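Residues per chain are reported as follows:
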Amino acid sequence: MNNAFITGKMKVAVIQSKLYWELPDKNFEQFEQKLAGIEPGTQLVLLPEMFTTGFSMYPSKFAEKHPGRTVEWMKSMAKKHGFALAGSYIAETDGKYFNRMALAYPNGEVATYDKRHLFRMAQEDQHYTAGTQRMIVNYEGWRIMLAVCYDLRFPVWLRNRNDYDLMILVANFPERRRYAWNALLVARAIENQVYVAACNRVGTDGNQINHTGDSQIIDPMGQIIAMARPNAEEIIYSTLDLNYLNSVRESFPVHLDADSFEIQL
């Protein structure tokens, strides 16, 4: 049992980076270099959505069958550096394409989540298949909810049913909707009384859409505790505290008044 589990703390890193458009080799190379510089003691690292290609609508060209190159690379990096690693990539299962988030653990195990809400305004829904299962994993004593980009706009899907402590979100959220990104991240943290760690890309993609990043880590009171500079490639860190999270929930137990509901897929 490691000290993180005993203390209830977990150090998280978020890598805000440009992406080389539809050039997996260059993206693997750049992130391998960035991961080599992660601070000691970090237990969880986030990469952007579709970090090997950018937000591509050509899944037939780039899709990988599980586990595939991306997952194997993530497993290798997680094992080498001793932290869990999360990001999304283009996956194929039974002839269908998914925007699939993977979380690779240092012990070689991998959890996956298929993006539920597909961004129709970019025709993502015409090229990919929506996921049907929420994914909450357990790591270092934390219950972690996996989410991808457009999922952020759907609070019912992300509603904490007393089943998670940290939401990790990977994204290619554009500059033109920067206000929504910042507002919704804080809202999700407050309404669910959870930590939120969000990783967004920077730079201009192959469709000439610019991304400012604004990657951030937010506490369960909605306070931003780490924030990346806009338009900058950088890594932000924060140590999350499960004891603090529980104290917030105990002193202000809004979950006791929450509405019950079922999601119809």
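Since this is a predicted model, take the numbers as computed values, not measurements. (Residues numbered from 1 in each chain as written. Predicted model: local features only at pLDDT ≥ 70, side-chain atom pairs only at ≥ 80, totals over all residues. Heavy atoms only, no water.)

*Asks:* Can you help me understand the overall build of the protein chain in this one?
*Replies:* Helix and strand content of the protein chain: 8 helices and 15 strands. The C-alpha radius of gyration computed for the protein chain amounts to 17 Å, which stays within 12% of the reference 18 Å derived for 265 residues, consistent with globular compactness. Across the 265 residues in the protein chain, those meeting the buried criterion constitute 53%. Taking as baseline every contact in the protein chain between residues at least 6 positions apart, the subset at least 24 positions apart corresponds to 65%. For the protein chain, the accessible area works out to roughly 11,800 Å², and carbon and sulfur atoms hold 49% of it. (Helix = DSSP H or I, 4+ residues; strand = E, 2+ residues; numbered from the N terminus. Rg over C-alpha atoms; globule rule 2.2 N^0.38 Å. Buried < 20%, exposed > 50% of the residue type's maximum accessible area, 1.4 Å probe, protein only. Contact = heavy atoms within 4.5 Å. Areas by Shrake-Rupley, 256 points an atom, 1.4 Å probe, with all protein chains shown as cover.)

*Asks:* Even after reading the chapter, I still don't get the confidence of the model for the protein chain, so can you show me in this structure?
*Replies:* Segments scoring low in pLDDT should not have their predicted coordinates read at a detailed level. Of the residues in the protein chain, 98% have a pLDDT of 70 or more, and the chain-wide mean is 96. Counting interchain partners and residues more than four positions distant, the pLDDT-below-50 stretch residues 1-6 has 7 contacts. (pLDDT = per-residue confidence, 0-100.)

*Asks:* Teacher, can you tell me more about the pairing of strand β1 (residues 9-16) here?
*Replies:* Both faces of the sheet carry side chains from a regular strand, because those side chains alternate between them. By the criterion of burial, β1 is predominantly enclosed, with 7 of the 8 residues buried. Across 8 bridges, β1 lies against strand β15 (residues 234-241) in antiparallel orientation. Each residue of the ladder has a partner; that of isoleucine 15, found in β15, is isoleucine 235. As defined by bridge partners, β1 adjoins strand β2 (residues 44-46) across 3 bridges and the pair is classed as parallel. Looking across to β2, one finds that valine 14 is bridged to leucine 46. In this region the chain leaves β1, passes through helix α2 (residues 24-36) and returns to the parallel neighbour β2; the handedness of that crossover is right-handed. (Pairing = 2+ DSSP bridges. Right-handed = clockwise from strand over helix to strand, strands pointing away.)

*Asks:* I keep staring at the packing of aromatic side chains and nothing clicks. Help me out?
*Replies:* To describe a pair of aromatic rings, one takes the distance between the centres and the angle between the planes. Following the criterion strictly, the structure yields 8 aromatic pairs and no others. Geometrically, the ring pair formed by phenylalanine 51 and tryptophan 73 is tilted, given 5.8 Å between the ring centres and 40° between the ring planes. Residue phenylalanine 51 is located in the loop between β2 and α3 (59-62), and its partner tryptophan 73 is located in helix α4 (residues 68-81); the two are separated by 22 residues in the primary sequence. Taken individually, phenylalanine 51 and tryptophan 73 each receive the classification buried, so the pair is uniform in this respect. With a centroid separation of 5.1 Å and 85° between ring planes, the pair formed by tyrosine 150 and phenylalanine 154 is classed as edge-to-face. Counting every residue linked through ring pairs, the aromatic cluster contains Phe28, Phe31, Phe51 and Trp73. When the ring centre of tryptophan 157 is taken as origin, the NZ or CZ atom of arginine 116, which lies over that ring, is 5.8 Å away. (Phe/Tyr/Trp six-rings, centres within 6.5 Å; stacked < 30°, edge-to-face > 60°. Lys NZ or Arg CZ within 6 Å of the ring centre and 35° of its normal.)

*Asks:* Please explain the side chain of glutamate 234 as it appears in this structure.
*Replies:* Positionally, glutamate 234 belongs in strand β15. Residue glutamate 234 is classed as buried on the basis of its relative accessible area of 19%. Among all residues touching glutamate 234, those that are not within four sequence positions of it are Val14, Ile15, Gln16, Ala228 and Arg229.

*Asks:* Help me understand the nonpolar core in this model?
*Replies:* Soluble globular proteins tend to bury their nonpolar side chains together. Grouped together as the largest cluster of nonpolar side chains are 51 residues, with contacts concentrated most on Leu44, Trp142, Ile144, Leu166 and Ile168. Residues contacting tryptophan 142, with those up to four places away along its chain left out, are Gly8, Lys9, Met10, Val137, Asp165, Leu166, Tyr195, Leu240, Asp241, Leu242 and Leu245. (Core = buried A, V, L, I, M, F, W, Y, C linked by side-chain atoms within 4.5 Å.)

*Asks:* Honestly, the layout of surface pockets in this entry has me stumped. Any pointers?
*Replies:* Regions of empty space are outlined by a rolling probe, equal in size to a water molecule, passed over the atoms. In this structure, the largest pocket spans a volume of roughly 390 Å³. As for the largest pocket, its lining consists of 21 residues, of which Phe55, Phe119, Ala122, Arg177 and Ile209 are closest to the centre. Residues that form the lining of the largest pocket fall into these classes: 12 nonpolar, 3 polar and 6 charged. In this structure, the second largest pocket spans a volume of roughly 290 Å³. If you trace the second largest pocket, you find 14 residues lining it, with Asn160, Arg161, Asn162, His255 and Ala258 closest to the centre. By residue class, the composition of the lining of the second largest pocket is 3 nonpolar, 5 polar and 6 charged. (1 Å grid on protein atoms, 1.4 Å probe; cavity = no way out; pocket = protein on both sides within 12 Å on 5 of 7 lines; lining within 4 Å. Points joined across faces, edges and corners; volume = space filled by probe spheres on them. Nonpolar A, V, L, I, M, F, W, Y, C, P; charged D, E, K, R; others polar.)

*Asks:* How should the environment of histidine 211 be read in this particular structure?
*Replies:* With respect to the element layout, histidine 211 can be found in strand β12 (residues 210-212). On the accessibility criterion, histidine 211 (2% relative accessible area) is buried. Remark: the alpha-carbon pair of histidine 211 and lysine 18, spanning 193 residues in sequence, is separated by 8.8 Å. Aside from chain neighbours lying at most four places away, what touches histidine 211 is Asn172, Phe173, Pro174, Glu175, Arg201, Val202, Gly203, Asp205 and Asn231. Reaching out from histidine 211, the side chain makes a polar contact with the backbone oxygen of isoleucine 209 at a distance of 3.1 Å. (Polar contact = N/O pair within 3.5 Å; in protein donor to acceptor, adjacent residues only side chain to side chain.)

*Asks:* Looking at this model, I keep getting lost on the side chain of serine 238. Mind explaining?
*Replies:* Looking at where serine 238 falls in the secondary structure, it is placed in strand β15. Excluding anything up to four places from it in sequence, serine 238 contacts Met10, Lys11, Val12, Ile217, Ile225 and Ala226.

*Asks:* Hey, could you run me through the packing of α2 against α4 in this one?
*Replies:* Put simply, α2 and α4 touch, their axes get as near as 11 Å, and they point 15° apart. As the angle between them shows, α2 and α4 are arranged roughly parallel. For the pair α2 and α4, the crossing hand works out as right-handed. Every residue of α4 that contacts α2 at Pro24, Asp25, Phe28, Phe31, Glu32, Leu35 and Ala36 is listed here: Arg69, Thr70, Trp73, Met77 and His81. Along the lines of polarity and charge, the residues of the contact of α2 with α4 split into 7 nonpolar, 2 polar and 3 charged. (Axes fitted to C-alpha atoms, helices over the stretch in contact; angles between N-to-C directions. Parallel < 35°, antiparallel > 145°, perpendicular 65-115°, else oblique. Left-handed = near helix turned anticlockwise from the far one by under 90°.)

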